[in-house]
Amino acid sequence: MKKIFQYTLTACFVLGLSSCFSDLDTMPLDDNQPVSEKVYRTPEGNTGMLAKCYSSLILTGQKGGDGGDGDLQGANEGYSGYVRLLFYLQEMPTDNFLMPSQSNGLRKCLNLQWNASNAPVVTWTYQRLYMTIAYCNEVLRECTESKMKSRGVWDALGAECPYYRAEARFIRAYAYATLCDLFGNVPYIDEHTGVKEIPQQYTRKQIFKFAESELLECAQSLKEPKKNVYGRVDQTAAWFQLARLYLNAETWIGEDRYNDALTYAKKIIDDGKYPLAADYREIFLADNDHCSEIIWPLVQDGLKAQSSAGTNFYVKAFVNGPMNELYKTGVGSRGWGNVRAKTTLVDAFDPADVVFNPTDTWGDQKNDKRAQFMTALTNQKKETWDNKQAMTSAFTCGYGYIKYRNVTRNDAIPVQGEAYTSIDFPMFRTGEAYLIAAEAILRGANGTMQQALDYVNELRRRAYMTGTYAKVGVKQGVGADLTLSDLTLDLILKERQKELAAELVRRTDLIRFGKFTKGYNWDWKDNKRTGGDVDDHLTLFPIPETEMTNDPYLKQNDGY
């Protein structure tokens, strides 16, 4: 897949987006930029276009790094990468993390005070998802038997054509499911939509049903589990997205689909092709391409797939230079130091596990190995405010979170070096399927409470490294196993926070549990130091104002 990303930079044409629905076949002013009739006449060009569907979710442009020629016209290239954008929308407005920056609408996201025009990162998320949909539609238009035969590439790629199409449909369904989550009622475009046709706005339920139908077909037409090239999805990814979709169905469209959520989560667990990693910490390292648990990785490489918006962000933004003197960050002194944990995330763990010990940099002697914080900087404190009770850019106000490290499991710098990270982003992983299954049962799915408890305890045993997860030289943590009397929905929400922090689901979780807008507060919510309630319309983001201008059929979400 890392080779495929190289094709992306050479075989794919640039898509300059002034709105989401630009014509992919527009001839470029630069004769050296390839267009479809050149791209699709080689096997590499066809593969490159599929790679662009994947890489649009982890890379930012055509040159790599922050080299210019970004995907989104007028957007800051580093800020506008997909998994970095999702951090701003899914983690910062929640009880997990903060950034003090006011640029590009970040403070509005932190304080839950955005509107349709004051947060560019919301607009860029919307545009990037539609850009990804446009790429997928392009693959579906061009990757057909008749066109590939006419271009002389069928003999080389014909056997892969059905899988290319299934993968494009899956990525498109993922994008629509995410739009359904973030924005609700959104425009619908597919491979049959004309380039001059103004898209119609679908209801949230219509978008949900389209994503569901596509995923159900992909669950049959994708390659079987573990039969695809690393970095490309297989049937397990479709099962996973269906489980997530059904878990949120009651919140999004008012339908109880918890039995279906359990069915697909259990299918992943029972199939066993993506078993839990033996060590939780190894899921987030530079050699996680060998991790058994990751179902869908977004591939990042320090030399061949560079981006300041992928896992490069999840390391550098979470550390500063002096931290590299305390443990090997994998990026040397290049840390940006602008993300820190909110007190609510820290307090989710036992205080004894939170403390960073410079003589135990991996936290081997902690009980819960998921409690990975930096507490050892001079004058560092848990609170995210200074002595004047104000937010500050001082990195010692709030603990660093060091889940992602640009080193291998042997604590070595990857051969690609320190300038950019080589950690693949774990988009889907089996650990979350355990929590989906447990939650679905607690919400009424046809399972037993003992089954739900077993799912939760399996993850906790892995986190505490007890039982089958025990490792020589690593403390077997005390208190891993819970009892049936401990098992509540609130416990599931807390376990999801500890297990999945910085994995881009927290806002969705808090909304599903009814705790996003009212009744539960955290640092800087509603621009208050210890938080305040906000209006319920904020459970959806606004359709960006620019898109309202471009599409007369669009109706804005309530409250904006």
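Residues numbered from 1 in each chain as written. Predicted model: local features only at pLDDT ≥ 70, side-chain atom pairs only at ≥ 80, totals over all residues. Heavy atoms only, no water.

Observations regarding the overall build of the protein
Here's step 1: When helices and strands are tallied, the protein shows 21 helices and eight strands.
Here's step 2: Taken over C-alpha atoms, the radius of gyration comes to 23 Å for the protein, in line with the 24 Å a tight globule of 560 residues would show.
Here's step 3: With respect to the principal axes defined by its C-alpha atoms, the protein has extents near 65 × 50 × 50 Å.
Here's step 4: Across the 560 residues of the protein, 63% fall into the buried class.
Here's step 5: Put simply, 69% of the contacts in the protein that link residues at least 6 apart link residues at least 24 apart.
Here's step 6: Considering the protein, the positive charge centre built from 65 side chains and the negative charge centre built from 71 side chains are found 2 Å apart. (Helix = DSSP H or I, 4+ residues; strand = E, 2+ residues; numbered from the N terminus. Rg over C-alpha atoms; globule rule 2.2 N^0.38 Å. Buried < 20%, exposed > 50% of the residue type's maximum accessible area, 1.4 Å probe, protein only. Contact = heavy atoms within 4.5 Å. Lys, Arg positive; Asp, Glu negative; His and termini not counted. Charge placed at Lys NZ, Arg CZ, Asp CG, Glu CD.)

Here's the deal with the packing of helix 13 (residues 258–271) against helix 17 (residues 430–442)
Here's step 1: Relative to each other, helix 13 and helix 17 sit at 145°, their axes nearing to 8 Å. Classified by chirality, the crossing of helix 17 by helix 13 is left-handed. Contact with helix 13, carried on its side by Tyr-258, Ala-261, Leu-262, Ala-265, Ile-268 and Ile-269, involves Thr-430, Ala-433, Tyr-434, Ile-436, Ala-437, Ala-440 and Ile-441 of helix 17 and no other residues of that element.
Here's step 2: Residues that form the contact of helix 13 with helix 17 fall into these classes: twelve nonpolar, one polar and no charged. (Axes fitted to C-alpha atoms, helices over the stretch in contact; angles between N-to-C directions. Left-handed = near helix turned anticlockwise from the far one by under 90°. Nonpolar A, V, L, I, M, F, W, Y, C, P; charged D, E, K, R; others polar.)

A closer look at the side chain of Glu-212
Here's step 1: With respect to the helices and strands, Glu-212 occurs in helix 10 (residues 204–221).
Here's step 2: What makes Glu-212 buried here is its relative accessible area of 8%.
Here's step 3: Within the local environment of Glu-212, its side chain forms a polar contact with the side chain of Tyr-246, the two groups lying 2.8 Å apart.
Here's step 4: A polar side-chain atom of Glu-212 sits 2.9 Å from a polar atom in the side chain of Arg-257. (Polar contact = N/O pair within 3.5 Å; in protein donor to acceptor, adjacent residues only side chain to side chain.)

With respect to the environment of Trp-124
Here's step 1: Here Trp-124 shows up in helix 6 (residues 120–142).
Here's step 2: Trp-124 sits in the buried class, given a relative accessible area of 9%.
Here's step 3: Sequence separation between Trp-124 and Tyr-79 is 45 residues; the distance between their C-alpha atoms is 8.9 Å.
Here's step 4: Dropping the residues within four chain positions of it, Trp-124 is found in contact with Leu-72, Ala-75, Asn-76, Tyr-79, Ser-80, Leu-85 and Asn-104.

A word on the pairing of strand 8 (residues 425–429)
Here's step 1: Of all five residues in strand 8, five are buried, a share of seventy percent or more.
Here's step 2: Note that strand 4 (residues 294–298) and strand 8 share four bridges and pair antiparallel. Bridge pairing links Pro-297 to Pro-426 in strand 8. (Pairing = 2+ DSSP bridges.)

Here's the deal with the domain arrangement of the protein
When the parts of a complex come together, some accessible area is lost, and that lost area is often taken as the interface size.
Here's step 1: As far as domains go, the protein holds domain 1 (253–299 + 428–516) and domain 2 (300–423).
Here's step 2: Contact with domain 1, which involves 31 residues of that partner, is made by 29 residues of domain 2.
Here's step 3: Both faces combined, the contact of domain 1 with domain 2 buries some 2700 Å², and carbon together with sulfur accounts for 52% of it.
Here's step 4: Where domain 1 packs against domain 2, one counts six salt bridges.
Here's step 5: Across the salt bridge formed by Glu-499 and Arg-370, the nearest N and O atoms sit 3.0 Å from each other. (Domains from an automatic or database assignment. Buried area = accessible area lost by both parts, 1.4 Å probe. Salt bridge = Lys/Arg side-chain N within 4 Å of Asp/Glu carboxyl O.)

Focus on helix 18 (residues 449–464)
Here's step 1: Compared with the 22 Å implied by 1.5 Å per residue over 16 residues, the 22 Å span of helix 18 between its first and last C-alpha is a close match.
Here's step 2: Those residues of helix 18 not exposed but buried are Ala-452, Leu-453, Tyr-455, Val-456, Asn-457, Leu-459, Arg-460, Arg-462, Ala-463 and Tyr-464.
Here's step 3: Following helix 18 by one or two positions, Met-465 adopts a phi angle in the positive range, close to 55°. (Expected span 1.5 Å × (residues − 1).)

Some words on the nonpolar core
Here's step 1: Within the largest apolar cluster, 173 residues are counted, with the highest numbers of intra-cluster contacts made by Phe-87, Tyr-88, Phe-170, Trp-296, Tyr-314 and Phe-373.
Here's step 2: Per element, the largest residue contribution to this core is 15 residues, and it comes from helix 9 (residues 161–183).
Here's step 3: Shared between two domains, this core takes at least three residues from each, and those domains are domain 1 (253–299 + 428–516) and domain 2 (300–423).
Here's step 4: Setting aside residues up to four positions removed in sequence, Phe-170 forms contacts with Leu-215, Cys-218, Leu-222, Val-233, Ala-237, Ala-238, Gln-241, Trp-296 and Phe-428. (Core = buried A, V, L, I, M, F, W, Y, C linked by side-chain atoms within 4.5 Å.)

Notes on the UniProt feature "domain: SusD-like N-terminal" (unreviewed entry) in the protein
Here's step 1: The sites that carry the UniProt feature "domain: SusD-like N-terminal" (unreviewed entry) are, in the present numbering, residues 96–247.
Here's step 2: Split by type, residues 96–247 is 61% helix and 5% strand. Its first and last C-alpha atoms lie 21 Å apart. (UniProt positions renumbered as here; feature names shortened; annotations may be inferred.)

A short note on the UniProt feature "domain: RagB/SusD" (unreviewed entry) in the protein
Here's step 1: Under the present numbering, the feature "domain: RagB/SusD" (unreviewed entry) in UniProt falls on residues 293–560.
Here's step 2: Between the first and last C-alpha atoms of residues 293–560 the distance is 40 Å; the span itself is 26% helix and 6% strand.

Considerations on the packing of helix 4 (residues 82–90) against helix 9
Here's step 1: Where helix 4 contacts helix 9, the two axes come as close as 13 Å, and the packing angle between them is 25°. Taken together, the axis directions place helix 4 and helix 9 in an arrangement best described as roughly parallel. Between helix 4 and helix 9 lies a crossing whose hand is left-handed. Between helix 4 and helix 9, the residues in contact are Tyr-82, Leu-86, Leu-89 and Gln-90 and Tyr-174, Thr-178, Asp-181 and Leu-182, respectively.
Here's step 2: Of the residues assigned to the contact of helix 4 with helix 9, the class counts are five nonpolar, two polar and one charged. (Parallel < 35°, antiparallel > 145°, perpendicular 65-115°, else oblique.)

What about the packing of aromatic side chains?
Here's step 1: One pass over the full model with this rule turns up 44 aromatic pairs.
Here's step 2: Taking 6.5 Å as the distance between ring centres and 50° as the angle between the ring planes, the aromatic pair formed by Phe-318 and Tyr-401 counts as tilted. One end of the pair, Phe-318, is in the loop between helix 14 (311–316) and strand 5 (340–341); the other, Tyr-401, is in strand 7 (residues 400–401), with 83 residues separating them in the sequence. This pair shows no difference in class: Phe-318 is buried, exactly as Tyr-401 is.
Here's step 3: In this arrangement the basic side chain of Arg-84 is found over the ring face of Tyr-79, its NZ or CZ atom lying 4.3 Å from the centre.
Here's step 4: The cationic tip of Arg-405 hangs over the ring face of Trp-362; the distance from NZ or CZ to the ring centre is 4.4 Å. (Phe/Tyr/Trp six-rings, centres within 6.5 Å; stacked < 30°, edge-to-face > 60°. Lys NZ or Arg CZ within 6 Å of the ring centre and 35° of its normal.)

As for the pattern of salt bridges
Here's step 1: Taken as a whole, this structure holds 53 salt bridges when the rule is applied.
Here's step 2: Between Lys-209 and Glu-255 there is a salt bridge, with the nearest N and O atoms lying 3.1 Å from each other. With a gap of 46 residues between them, Lys-209 in helix 10 and Glu-255 in the loop between helix 12 (249–253) and helix 13 connect regions that are remote in the sequence.
Here's step 3: In this structure Lys-209 comes out as partly exposed when scored by relative accessible area, which is 30%.
Here's step 4: Between Asp-270 and Lys-266 there is a salt bridge, and its shortest N-O distance comes to 2.7 Å.

Looking at the side chain of Glu-77
Here's step 1: Inspection of the secondary structure assignment puts Glu-77 in the loop between helix 3 (43–55) and helix 4.
Here's step 2: Despite its burial, Glu-77 pairs with no opposite charge; the closest candidate is Arg-128, at 7.3 Å N-O.
Here's step 3: A polar atom in the side chain of Glu-77 sits 2.8 Å from the side chain of Thr-60.
Here's step 4: Filtering out sequence-adjacent residues up to four positions away, Glu-77 remains in contact with Thr-60, Gly-61, Gly-65, Asp-66, Gly-67, Gly-68, Asp-69 and Gly-70.

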